[in-house]
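Okay, here's what each chain looks like letter by letter:
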Amino acid sequence: MSRLSYAIVTPARNERQNLRRLAESVLAQIHRPKWWVIVDDGSDDGMCEVARELATAHDWILVEQTGESPDDLAKGRRRGRDLLAFRRGLKALPGTADVFVKVDADTSFDAEYFACLLDRFVEQPDLGIAGGSCYELVDGVWARIKVSDSHPRGASRAYRWELMDVVFELEPELGWDGVDEVMAELRGFRTAGFADLGFRHHRKVGERDGRLRAGAAL
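Quick caveat: nothing in here was measured; it's all calculated off a predicted structure.

Conventions used here
Residues numbered from 1 in each chain as written. Predicted model: local features only at pLDDT ≥ 70, side-chain atom pairs only at ≥ 80, totals over all residues. Heavy atoms only, no water. Core = buried A, V, L, I, M, F, W, Y, C linked by side-chain atoms within 4.5 Å. Buried < 20%, exposed > 50% of the residue type's maximum accessible area, 1.4 Å probe, protein only. Contact = heavy atoms within 4.5 Å. Phe/Tyr/Trp six-rings, centres within 6.5 Å; stacked < 30°, edge-to-face > 60°. Helix = DSSP H or I, 4+ residues; strand = E, 2+ residues; numbered from the N terminus. Polar contact = N/O pair within 3.5 Å; in protein donor to acceptor, adjacent residues only side chain to side chain. Salt bridge = Lys/Arg side-chain N within 4 Å of Asp/Glu carboxyl O.

*Asks:* Would you take a moment to explain the nonpolar core for this structure?
*Replies:* Among soluble globular proteins, nonpolar side chains are generally buried collectively. In terms of nonpolar packing, the biggest core is built from 37 residues, with Leu 19, Trp 36, Leu 54, Val 99, Phe 114, Leu 117 and Phe 121 touching the most fellow members. Residue contacts for Leu 19: discarding those within four places in its chain leaves Trp 36, Ile 38, Met 47, Val 50, Ala 51, Leu 54 and Ala 105. If you look at the next biggest cluster of nonpolar residues, it comprises 23 residues, including Ala 7, Val 37, Ala 184 and Phe 189.

Put into structure tokens, the structure is as follows:
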């Protein structure tokens, strides 16, 4: 099957160890991304140095910095700060690709993940936004976190290039990765999360930004 090209954008703050693990996953992909842009959103844990080491070793890895203050973290995340950093990474891409993917730093993937995901875009021309199922550790076991079949999780979310403008039209508010699905559908595209294709999420949804209460994401 003909493989589509893809670019990854990873908005991240203070994810030094997670970024190293993600890099292992990206570098191990059997179908490598055309580009990987790591957006440092005000880190103070040495993450940017790790990102720059990766960029020095691989000319298809790029590093951007938002210039934001770490003191604005909580307020910024509720304002859709990850969307703003995502957009910055998209603007930094040197050229186009068939698919672009937002990948959070606290994820990891099997080596075939992106090859399989891109195959779905080839097989389904009306597929606009997609991703694999999210697995999280539950009592020491990786368990699939069930959501609607049409909802690709925000931690790993792939878009057909034609929907780039949708990302830039979104309001930078919490919940933007849901509004984009509606906008894609209005343009005639489907959205999907594939139960038979999974990725690992090493932090529970909402755990970092304070939305996790009593073990559940609100």
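*Asks:* How do you make sense of the packing of aromatic side chains when you look at a structure like this?
*Replies:* Any pair of aromatic rings gets described here by the distance separating the centres and the angle formed by the planes. Scanning the model with the defined rule gives 11 aromatic pairs in all. Taking 5.1 Å as the distance between ring centres and 20° as the angle between the ring planes, the aromatic pair formed by Tyr 6 and Phe 114 counts as stacked. Separated by 108 residues along the polypeptide, Tyr 6 in strand β1 (residues 6–12) and Phe 114 in helix α5 (residues 113–123) bring together distant segments of the chain. Grouping residues by exposure puts Tyr 6 and Phe 114 together as buried. Measuring from centroid to centroid gives 5.9 Å for Phe 109 and Phe 199, while their planes differ by 35°, and the two rings are tilted. On the criterion of sequence distance, the pair formed by Phe 109 in the loop between β5 (107–108) and α5 and Phe 199 in strand β9 (residues 190–201) is long-range, its members being 90 residues apart. Each of the two residues, Phe 109 as well as Phe 199, counts as buried.

*Asks:* Could you clarify how one ought to interpret the side chain of Asp 40 in this entry?
*Replies:* Along the chain, the position of Asp 40 falls in strand β2 (residues 35–40). A distance of 2.6 Å separates the side chain of Asp 40 from the side chain of Ser 43, its partner in a polar contact. Asp 40 has contacts with Ala 12, Met 47, Cys 48, Glu 64, Gln 65 and Thr 66, leaving out every residue within four places of it along the chain.

*Asks:* Before we go on, may I ask you to explain the pattern of salt bridges in this structure?
*Replies:* Close approach of charged atoms allows side chains of opposite charge to pair. This structure, assessed with the given rule, holds 11 salt bridges. Here Arg 200 makes a salt bridge to Asp 110, at a shortest N to O gap of 3.1 Å. In this pair, Arg 200 is assigned in strand β9 and Asp 110 in the loop between β5 and α5, connecting sequence segments 90 residues apart. With a relative accessible area of 24%, Arg 200 lands in the partly exposed category. The residue Arg 187 makes a salt bridge to Asp 165 at a minimum N-O spacing of 2.8 Å. With a gap of 22 residues between them, Arg 187 in the loop between α7 (176–186) and β9 and Asp 165 in helix α6 (residues 164–169) connect regions that are remote in the sequence. On the basis of relative accessibility, which here comes to 32%, the residue Asp 165 falls in the partly exposed class. Where salt bridges share partners, they join Arg 157, Asp 180 and Glu 181 into one cluster.

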